[in-house]
2 protein chains.
Amino acid sequence: MQKLRGTALVAHGGGPTAVINASLVGVIEERSRHDEITALYGARYGIKGVLEEDLIDLDREDPELIELIARTPGSALGSCRYKLKEQDYERILAVFRAHNVRYFFYTGGNDSMDTTLKVARLARASGYELRAIGIPKTIDNDLAETDHCPGYGSAALFYACALRDIGADIRELPGRVSVVEVMGRNAGWLVAATALARRNADDAPHLIYLPERRLSADRFLADVEAVYRRLGYAVVAVCEGQRDERGEPFGADLIAADGFSHELAGNLAHVLSQLITRRLKLRARSEKPGLLGRSSAAFVSPSDQAEARLCGREAVRAATAGISEGMVTLVREAGPGYRIETGLAELERVANAERLFPQEWIHPEGNDVLPAFLEYVKPLTGEVAPRPRLRAVPVGRRL
Amino acid sequence: MQKLRGTALVAHGGGPTAVINASLVGVIEERSRHDEITALYGARYGIKGVLEEDLIDLDREDPELIELIARTPGSALGSCRYKLKEQDYERILAVFRAHNVRYFFYTGGNDSMDTTLKVARLARASGYELRAIGIPKTIDNDLAETDHCPGYGSAALFYACALRDIGADIRELPGRVSVVEVMGRNAGWLVAATALARRNADDAPHLIYLPERRLSADRFLADVEAVYRRLGYAVVAVCEGQRDERGEPFGADLIAADGFSHELAGNLAHVLSQLITRRLKLRARSEKPGLLGRSSAAFVSPSDQAEARLCGREAVRAATAGISEGMVTLVREAGPGYRIETGLAELERVANAERLFPQEWIHPEGNDVLPAFLEYVKPLTGEVAPRPRLRAVPVGRRL
């Protein structure tokens with residue numbers, strides 16, 4: 001095979017993760033082994049940077065700084081959420097031609113994989129030789145064809161630790177209910193991971209709801225009341241994309257249409273805490289860590305970081321080996337222990353596909369996950385250290 | 001002075017902090033040096049544990065576990081928010097008599113200091129010899145007579161890191177506004193500390209509002225719009241106890257009174273993000289880390305932890321030296337560098353007093369803090385590490 005000489009371009013799509021920069025550094029690192037890549041550019045703010053020809057020269061970065069960047073959450077290149085229009089694809093190709101871009105590495109979720117595929121197809125139809133490889137990235141863990149997605153393990157670690165810590169606060173100052181809102185639109189992978197917070201029978205979260213199972217307000221309230229009666233407090237983990245029994249966004253029918261009131265929408269944990277206060281007459285509150293769930297520098301899973309970097313390297317290896325229109329995947333080896341290899345999936349099988357949380361890992365009651373999921377997720381987050389408790393030997397009463 | 005032989009009792013009041021257990025372990029540690037303390041008990045769930053005679057024997061804890069507990073956020077004893085009734089004080093004294101409690105260490109904020117004082121006075125009036133010492137604890141940093149309060153530095157570190165990380169997310173995926181809600185009822189010490197997140201001119205938070213300054217919706221919106229025009233994004237830190245221009249809870253007049261709508265109350269960041277969306281037509285969102293701000297095991301300031309432990313030790317030293325009706329204070333030594341000694345304040349001067357954020361540290365525009373505050377707060381949190389950025393050398397345009 002003839003080596004394809006030219007520029008490599010890397011870009012980020014969609015929301016940042018804790019390890020997207022590790023993938024970027026994987027690309028930078030591997031690129032130096034392939035002299036047919038004559039320059040390495042980054043697009044500022046995702047595909048918009050390509051459209052606007054807003055590119056930076058990654059060869060002019062200091063290697064020591066690059067190693068720091070590899071360990072830093074967030075997108076060092078910048079990213080965007082931009083729905084490409086038909087004419088944008090021609091423009092992308094024009095920019096590629098102008099800079100002799102022959103390698104395109106796009107790090108993102110299923111929308112980004114769709115973009116990568118469309119760019120690659122247009123290049124092919126135009127007779128422009130281009131190798132386009134997708135690097136998986138999403139905290140939602142909803143990409144098809146891969147065991148899991150870089151970014152998920154760190155976000156899962158964040159939420160597991162959040163539920164552990166909020167759970168301890170509620171347990172130690174009881175008489176309260178807390179509803180914690182976890183990121184995730186249609187897929188419950190992240191909210192499911194909060195189960196890693198538990199060590200003791202009374203540990204939070206006491207209830208976990210996933211958007212893959214519809215939920216009625218009555219069922220939710222009955223669940224909360226049962227936990228509260230048992231423990232004197234309750235902590236609930238809920239996915240921001242939870243659906244009600246009709247399949248509509250949960251809480252929509254609880255929100256009146258007039259005045260400011262519909263603006264409760266997009267604020268599910270608060271709606272649920274208000275519902276608990278109103279109907280159960282319990283003290284309830286809500287926590288919404290929001291963007292912290294994917295940006296906190298304090299919660300980076302070591303395996304997630306290493307795998308993200310590996311995916312970046314593998315993308316360069318695959319492209320220089322002549323492959324295009326593929327996405328790097330993570331393949332869990334069979335057998336005891338946790339070992340990961342990389343693989344490749346056709347972009348066509350990934351673009352716009354969505355891998356939901358498996359029904360067989362959801363508790364029949366619909367308010368928890370099953371142990372098989374914990375076996376799946378544990379190696380991805382690393383340890384969620386338990387909080388030590390006093391032995392608390394009672395003193396005999398004298399009154 | 002005759003040594004006072006008897007049991008020591010320690011209890012926690014109000015919300016936990018990241019270092020309240022360090023103070024507990026300070027008491028445990030120092031107690032072993034004073035043989036007139038014949039037993040050391042802890043009250044479960046704060047003063048309620050005293051009322052209900054729900055006590056544990058802290059002498060039966062494993063020393064290695066105790067060291068782990070010292071580094072664990074939250075209240076290992078449990079705490080409560082309970083407004084004592086008149087007859088409760090008699091009951092407390094009865095429990096103290098029954099267990100020969102002669103030393104009472106109550107760790108809490110100004111309400112708890114008031115309780116400590118009332119118990120001490122009742123004992124004195126009853127001719128029951130008791131030494132009652134308050135150990136300061138509050139993330140709000142609003143206790144009088146002390147340079148700062150154990151618990152504040154760690155919570156300040158949490159919020160500074162949160163604003164740094166959320167700020168990076170917003171900057172890297174611009175076109176958005178985020179309003180971050182920070183704990184604090186009447187005092188803006190915590191929201192002020194988010195200024196530690198900044199290193200570069202475009203770093204978050206771009207606006208900081210404190211409850212010590214009234215704020216109108218119009219002013220707020222004008223501030224946000226100005227930042228957005230300059231940067232293309234904006235991140236706002238706001239205290240949950242922010243007041244409007246009439247001195248009422250901010251947003252109350254924006255919330256209609258009918259249906260669910262008034263239930264937006266207690267959710268300030270969301271109200272503000274809705275206001276931005278509605279009036280400025282900008283994409284806005286809110287983050288409310290909530291209880292994570294005081295419970296996260298990942299954000300413990302080393303100096304805060306050390307000082308909290310010192311306060312616990314000092315409480316025992318003071319009580320065994322014959323002092324009562326005092327609260328341990330932290331005294332910052334004059335001169336260069338940061339050195340702390342402990343002192344003692346009369347409980348009477350602390351009980352129910354509230355130390356607000358000084359007006360002279362608030363920016364004249366009312367939307368930021370001044371550098372003098374940063375000098376005050378930096379030693380309390382430890383370093384808020386900056387996030388490295390790429391050099392980002394632009395590639396010349398060809399189109």
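Further up the page is the structure itself.
The rules behind the values
- Residues numbered from 1 in each chain as written.
- Chains lettered and ligands numbered in written order.
- Predicted model: local features only at pLDDT ≥ 70, side-chain atom pairs only at ≥ 80, totals over all residues.
- Heavy atoms only, no water.
- Helix = DSSP H or I, 4+ residues; strand = E, 2+ residues; numbered from the N terminus.
- Rg over C-alpha atoms; globule rule 2.2 N^0.38 Å.
- Buried < 20%, exposed > 50% of the residue type's maximum accessible area, 1.4 Å probe, protein only.
- Contact = heavy atoms within 4.5 Å.
- Areas by Shrake-Rupley, 256 points an atom, 1.4 Å probe, with all protein chains shown as cover.
- Lys, Arg positive; Asp, Glu negative; His and termini not counted.
- Charge placed at Lys NZ, Arg CZ, Asp CG, Glu CD.
- Phe/Tyr/Trp six-rings, centres within 6.5 Å; stacked < 30°, edge-to-face > 60°.
- Axes fitted to C-alpha atoms, helices over the stretch in contact; angles between N-to-C directions.
- Parallel < 35°, antiparallel > 145°, perpendicular 65-115°, else oblique.
- Left-handed = near helix turned anticlockwise from the far one by under 90°.
- Nonpolar A, V, L, I, M, F, W, Y, C, P; charged D, E, K, R; others polar.
- Buried area = accessible area lost by both parts, 1.4 Å probe.
- Polar contact = N/O pair within 3.5 Å; in protein donor to acceptor, adjacent residues only side chain to side chain.

Colleague: In this structure, what is going on with the overall build of chain A? I would like to understand it.
Modeller: What chain A contains, in helices and strands, is 13 helices and 11 strands. Whereas a compact globule of 399 residues would reach a radius of gyration of roughly 21 Å, chain A reaches 23 Å, a difference of no more than 12%. Principal-axis analysis of the C-alpha atoms places the extent of chain A at approximately 90 × 50 × 35 Å. Split into buried and exposed, the 399 residues of chain A put 64% on the buried side. When contacts within chain A are restricted to residue pairs at least 6 apart in sequence, those whose partners lie at least 24 apart make up 76%. For chain A, the exposed area adds up to about 14,600 Å²; of that, 47% sits on carbon and sulfur atoms. Between the mean site of the 52 positive side-chain charges and the mean site of the 55 negative ones, chain A shows a separation of 5 Å.

Colleague: Explain the packing of aromatic side chains here, please?
Modeller: A ring pair, where both rings are aromatic, is described by two values, the distance of the centres and the angle of the planes. Residue and element names in this part refer to chain A. Overall, the coordinates contain 32 aromatic pairs over all chains when judged by the stated rule. A ring pair is formed by F158 and Y159, whose centres lie 5.1 Å apart and whose planes are at 90°; its orientation type is edge-to-face. F158 gets classed as buried once you look at its relative accessible area, which sits at 4%. Ring geometry for W189 against W361: centres 6.2 Å apart, planes inclined by 85°, an arrangement best described as edge-to-face. Taken together, the positions of W189 in helix α7 (residues 189-193) and W361 in the loop between α12 (347-350) and α13 (371-381) put the pair 172 residues apart, joining distant regions of the chain.

Colleague: Which parts of the structure should I look at to understand the packing of helix α4 (residues 86-98) of chain B against helix α5 (residues 110-125) of chain B?
Modeller: Helix packing for two helices is described by the angle between their axes and how far apart those axes are. All names here are of chain B. It is at 10 Å that the axes of α4 and α5 come closest, and there the two elements cross at 70°. With respect to their mutual orientation, α4 and α5 come out roughly perpendicular. Helix-helix and strand crossings are classified by hand; for α4 and α5 the assignment is right-handed. In this structure, α4 contributes Y89, E90, I92, L93 and F96 to the contact, and α5 contributes T115, K118, V119, L122 and A123. Among the residues forming the contact of α4 with α5, the class breakdown is 7 nonpolar, 1 polar and 2 charged.

Colleague: Help me understand the interface of chain B and chain A, please; the structure alone is not making it clear to me.
Modeller: Where interface size is given, it is often the accessible area lost as the parts come together that is meant. Taken together, the contacts link 88 residues of chain B with 88 residues of chain A. Between chain B and chain A, the buried area comes to about 7,500 Å², and carbon and sulfur atoms account for 58% of it. Connecting chain B to chain A are 41 residue pairs in polar contact (both at pLDDT 80 or more). Of all the secondary structure elements, the ones that give two or more residues to the side of chain B that touches chain A are β3 (55-57), α3 (63-70), α4, α6 (152-172), α9 (268-280), β9 (284-287) and α10 (292-295) of chain B. Among the elements that make up the side of chain B that touches chain A, the one with the highest residue count is α6 of chain B (9 residues).

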